[in-house]
Amino acid sequence: MFTLETNTGFWNPIIWIIAFLVLCIVIYVLRSFGESSYKKGEQIKPFLSGNPEPEKGDVHIRAGNIYWGFTESLKEYYKTMTNIHTGDINDYVYWFIGILAIILVVVSVSGGGL
Amino acid sequence: MNFLILHAPILIIAIPLLAAFATLLISKISPKLRNIFVITVLSFVLFLVLLLAHQVYTSGMQVYVLGSNQTTVATPSGYSIPVRIMLTVDGASIFMAIITAIVSLVGAIYSLSFMKKYSGLDKYYTLLLLMSVGMFGMEFTGDMFNLFVFLEILSISSCALVAFWTHKGEPSEAAFKYMVLSCIGALFVLFATALFYGQYNALNIAMIASRMKYSLLDKIALGLLVAVFAMKCGAVPMHMWTPDAYSKAPAPITAMLVVASQASLYALFRGVFTLYNVTLNCLTVGWIIIILGVLSMFIGVTMALPQHDVKRLMAYHAISQTGYMLLGIGVGLAVLGDTNALNSYGLMAMKGGLFHIINHAMYKGLLFLTAGAIFYVTGTRDLNKMGGLAHKMPLTAIFFMIGALSIAGMPPFNGFASKIMIYESVYKFNPVLSILAMVVSILTLASFVKVFHSAFMGPQLPEYKNVKEVPKSMLIGMGILSFMIILFGVFPDIVVNTIVAPAANALVNQGSYITKILGGA
Amino acid sequence: MIYNFPFIAAVILIGLGVYACMFKRNLIKIVIGISLIESGVNLFLITLGYRKGVAPIYTNAPSGASMVLPTPQALTLTSIVIGVATTALMLSFVMTIYKHYKTLDARKARRLKG
C-alpha cells in the first residue's frame, strides 16, 4: 500500500520514517553519554578572543554573503548569465523567436515518424 | 447528483465564469459576502471536479458536447464528424483540473487576509475566478480554437493580476513583458490552428489527429506549438518573463501562475501526444523537449543561487522544477514508438514527470505563499534585510521547511517520490541526464538552505521585534498545501496509481481518445 | 498564383509584426507590432475560408447549393474581439509604466533583470 514500484526499484516512505526515528533515538542515546561536567549559563557565551560580543543583529549572516565562494569561483558564468538576462522586452522576444526558428528548422528537416 | 455528473464538465467552466462577474455585483452589497461567495464557488467547483474525477476514473473518458440535447454523444444529429464545440475530459485533463481546483481555492482563501488592506478587491476576485476559468477551459477543451480562446482568457486575467499593484511601476513592467510574449505566443497557436483547419477542415483535436498526415505544414504547426507552450511554461531560454512576473505578482496569484504555467505544459503534452503521437519523429521532438528541460533545470537553479529577492529566487526554482517535468515527459516521448522501451522505462518517466507536476503545484504554491507571509509581516522581499523570523512566526517557518525539503527532494516528502521515479527511469534512457538532475536537486537544497537561514534563522533582529504570526486565513491556505504534501509523500503509491497513471495512459493511448470521440472508425 | 497573394500578404504582415516586436524600442510600437501579427493571422484565417461553394449565412441561398462552413469567419470574429481586449490591456500597462518610469524606451524601462 505504501510501496511505490519504480520498475527498477521501490520507495517506501514508512520504512524510511521508521529508520529515521530509530536513527534519532540512537543519536539521542549517544548524546546522553556526553560530558556531565557541563555548566549551564557560563559556557553558552561565545568567547571571541576576549573581545566584547557584538550586537545580535550584526552576528546574523545576511543572504548576500552565503555562497559567496560559489558565485565567486563561477564568476565568468554568472557574468554571462546576468548579461543575457537584460530585462529588455526586445531581447525576450528575440530569444523566443530565435528558439522558435531553431525548433521549426529542426522539426522540418527531420523526417516523419512511424 | 446525476445531473451534476452529467453536466460537470461545462459547469466547472461556467460556474466560475458567471460567478466572476457576479462578484462585482455582490461586492456592492458587502465585501464580506463577496469573500464568502468566492470561497463557496471555488469549493463547489472543487467538489464538482472531484465528482467528475470519480466518474472519469470509474467509467473512462467523458465527452460533453455543447448545444446538443444529447450531451454525451460526440457526433449528434446524424453528423459523421464532430462539428460542435466539445469538451473532453480524460485522465490527463482531470489530473490537471484537480491541481487547478485545489490551488485556486487555496489562493482565494489565502487572499482573504493577504489582500485585505488593498482596494479594488472586487476586480481582484473577478480576475482570480477568470483565471481559474482559463485554466479549466484549457484543460477540458476538445478543439484547437477553444484552446486559443482559453489561453487568451488565462493570459489576460493573469497579466492583469500580475499588474494588480499599480502604485509601483515594476508590476506593470512585468505584466507588460508577460503579456507581449503571451500574445505573440497565442497568435502563433491560432496560426497553427489555421494550418490544421486549412489542411483537415477540422478543429476538433481527435478529428485532426485521426487525419494527421505529418506534412510540412504539420511540422510547422508542431514547431509553433512546441515553442509557444514551452515559452508559456517557462522553459529556458524563453524563461525571462517568469522571474519578473512571478516576483511582482501578489503571492496567492504567484501560486496560481505556477498552475497556469502547468496548464500550458498540459497543452504542450496534449498537442504532442494526442495530436501527433507516433506520426511525428519521436526521437527528435523528444530530444528537443529533453534539451529544453535540462537547460531549464540547470540554468534555473544556478540563476536562483545568487538571487536576493525571495520570490525571484523561488521563481527561478519554478523554472528549474519545470525542467524535471519536461525531462520526464521528453524521455517518455522519445521512446514513444518503441513499445519495449516505453513499457520498461518510458511510461515510468512520464508518470514521474506528471507526478512532479502535481507535487510542484503543491510545494511551490506553498513556498510562494510563505514568501507572501514573509512579505506580509516584514514589508520586504529582500533576503538581505531579513533574519530571525522563526522566533515570531514558528508556523510559517515550519510550512516553509516542509516546502523547502519537498522541493529539494528530501524523503519522505512528495518531491522525493516523483524525483526518484524520474531519476531511475531517465537513468535507463541516458545516465548523464539523470546525474545532472541529481546535481540540480542538490543545488536546489543549497539555495533553500540559504533562504531558510537568512529569513528564519539567526538572532531576532531589532527591526522585527513587533512582528506577529500571519492571520488565520493565510495559515489555513498554507496548511492545506502542507497537508497535501505530506499526504502525497506518505502515500505516493496510491496517488500514482489512482490519478497519475490514468493521466500518463491517457496521453500515450492516442487511439482510445480518437475512438471515444469519432466512434469505432 | 493570384490566389496565393493573400497568404503571402498574411506572412508579410506577421513578419513585420515580429520585426516590430524584436527591434522597435518604443513600447507602443511593440503593441502595434502585436496588432500587426494579429491582423496577419486574421487575414490568414479569412483566406482559408475562401472555398468553392456559396458564401455562408446566406438567407436566400439557391436550393441544392453547397454552402461553405462559416467556421473561419467565426474564428476571426472571436480573435478580433480577443485582440481588442489584449491591446487595451497592454496599452494600459504602457500607461502605468510611463506614469512611474517617465519613459517608453524598452532599454530604459527595465528595472527587473538578472
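For the structure itself, consult the block above.
Remember, predicted model here, so these are calculated numbers, not experimental data. (Residues numbered from 1 in each chain as written. Chains lettered and ligands numbered in written order. Predicted model: local features only at pLDDT ≥ 70, side-chain atom pairs only at ≥ 80, totals over all residues. Heavy atoms only, no water.)

**Quick word on empty space enclosed by the protein**
Residues and elements named next belong to chain B. Basically, it comes down to this: A cavity, in this analysis, means grid points on a 1 Å lattice covering only the protein atoms where a 1.4 Å probe fits yet has no way out; a pocket is instead an open set bounded by protein on both sides within 12 Å along at least five of seven lines, and a residue lines either one if it has an atom within 4 Å of a point. Grid points are joined across faces, edges and corners, and a volume is the space filled by probe spheres set on the points. Elements are defined by DSSP. Helices are runs of H or I of four residues or more, strands are runs of E of two residues or more, and each kind is numbered from the N terminus. All amino acids are sorted into three groups, where Ala, Val, Leu, Ile, Met, Phe, Trp, Tyr, Cys and Pro are nonpolar, Asp, Glu, Lys and Arg are charged, and the leftover types, Gly among them, are polar.
Taken as a whole and assessed by the stated rule, the structure comprises six cavities of 30 Å³ or more. Space inside the largest cavity adds up to approximately 90 Å³. The wall of the largest cavity is formed by 13 residues, among which Leu-147, Ile-205, Ala-267, Arg-270 and Gly-271 lie closest to the centre. Ranked by residue count, the leading element in the lining of the largest cavity is helix α10 (residues 251-276), at five residues. The residue makeup of the lining of the largest cavity, split by class, is nine nonpolar, two polar and two charged.

**Notes on a nonpolar patch on the surface**
Residues and elements named next belong to chain C. This is how the line gets drawn: Residues enter patches when their relative accessible area tops 30% and they take part in no salt bridge; the joining distance is 9 Å for like charges and 5 Å for the nonpolar side chains Val, Leu, Ile, Met, Phe, Trp and Tyr. All accessible-area figures derive from a Shrake-Rupley calculation using a 1.4 Å probe, and residue coverage is judged against the displayed protein chains alone. By definition, a salt bridge exists where a carboxyl oxygen of Asp or Glu is found within 4 Å of a side-chain nitrogen of Lys or Arg. In this scheme, a residue with accessible area under 20% of its type's maximum is buried, one over 50% is exposed, and one in between is partly exposed, where area comes from a 1.4 Å probe on protein chains only.
A cluster of nonpolar side chains, namely Met-1, Ile-2, Tyr-3, Phe-5, Ile-8, Ile-12, Leu-16 and Tyr-50, defines an oily patch on the protein surface of about 960 Å² accessible area. Note on placement: Leu-16 falls in helix α1 (residues 5-23). Assessed through its relative accessible area of 46%, Leu-16 is described here as partly exposed.

**Description of the nonpolar core**
Using the following cut-off: What makes a nonpolar core is a set of buried Ala, Val, Leu, Ile, Met, Phe, Trp, Tyr and Cys residues whose side-chain atoms join them at distances within 4.5 Å. Residue contacts are counted whenever heavy atoms from the two residues lie within 4.5 Å of one another.
Formed by 285 residues in total, the largest nonpolar core has its most connected members in Phe-96 of chain A together with Phe-95, Phe-176, Phe-188, Phe-196 and Leu-327 of chain B. With 23 residues, the top contributor of residues to this core is helix α13 (residues 339-378) of chain B. Discounting residues that sit within four places of it in the chain, Leu-327 of chain B has contacts with Ile-290, Gly-293, Val-294, Met-297, Ile-422, Val-426, Leu-433 and Ala-437 of chain B.

**Some points on the pairing of strand β2 (residues 86-89) of chain B**
All names here are of chain B. Heads up, the condition is: For two strands to be treated as a pair, DSSP must find at least two bridges joining them.
Covered by surrounding structure in β2 are Met-86 and Thr-88 together with Leu-87 and Val-89, the residues of both alternating faces. Relative to β2, strand β1 (residues 62-65) is paired through four bridges, and the arrangement is antiparallel. The residue bridging Val-63 from the neighbouring strand is Thr-88, located in β2.

**A short note on the interface of chain C and chain A**
What counts here: Here the buried area means the combined drop in accessible surface, using a 1.4 Å probe, for two parts upon being joined, counting both sides. By the criterion applied in these results, polar contacts are pairs of N or O atoms within 3.5 Å in which, for protein atoms, one can donate a hydrogen and the other can accept it, and in which residues neighboring in sequence qualify only through two side-chain atoms.
Residue-level contacts link 14 residues of chain C with 11 residues of chain A. Around 910 Å² of area is buried between chain C and chain A when both sides are counted, 60% of it from carbon and sulfur atoms. It is Met-22, Arg-110 and Gly-114 of chain C that lose the most area in chain C upon contact with chain A, and together they represent 47% of the buried surface on that side. Taken together, the connections running from chain C to chain A amount to one salt bridge. A salt bridge links Arg-25 of chain C to Asp-88 of chain A; the shortest N-O distance between them is 2.9 Å. Run the count over chain C and chain A and you get six residue pairs in polar contact (both at pLDDT 80 or more). Counting residues per element, the ones that place at least two in the side of chain C that touches chain A are α1 and α2 (27-48) of chain C. Of the residues in the side of chain C that touches chain A, the class split is eight nonpolar, one polar and five charged.

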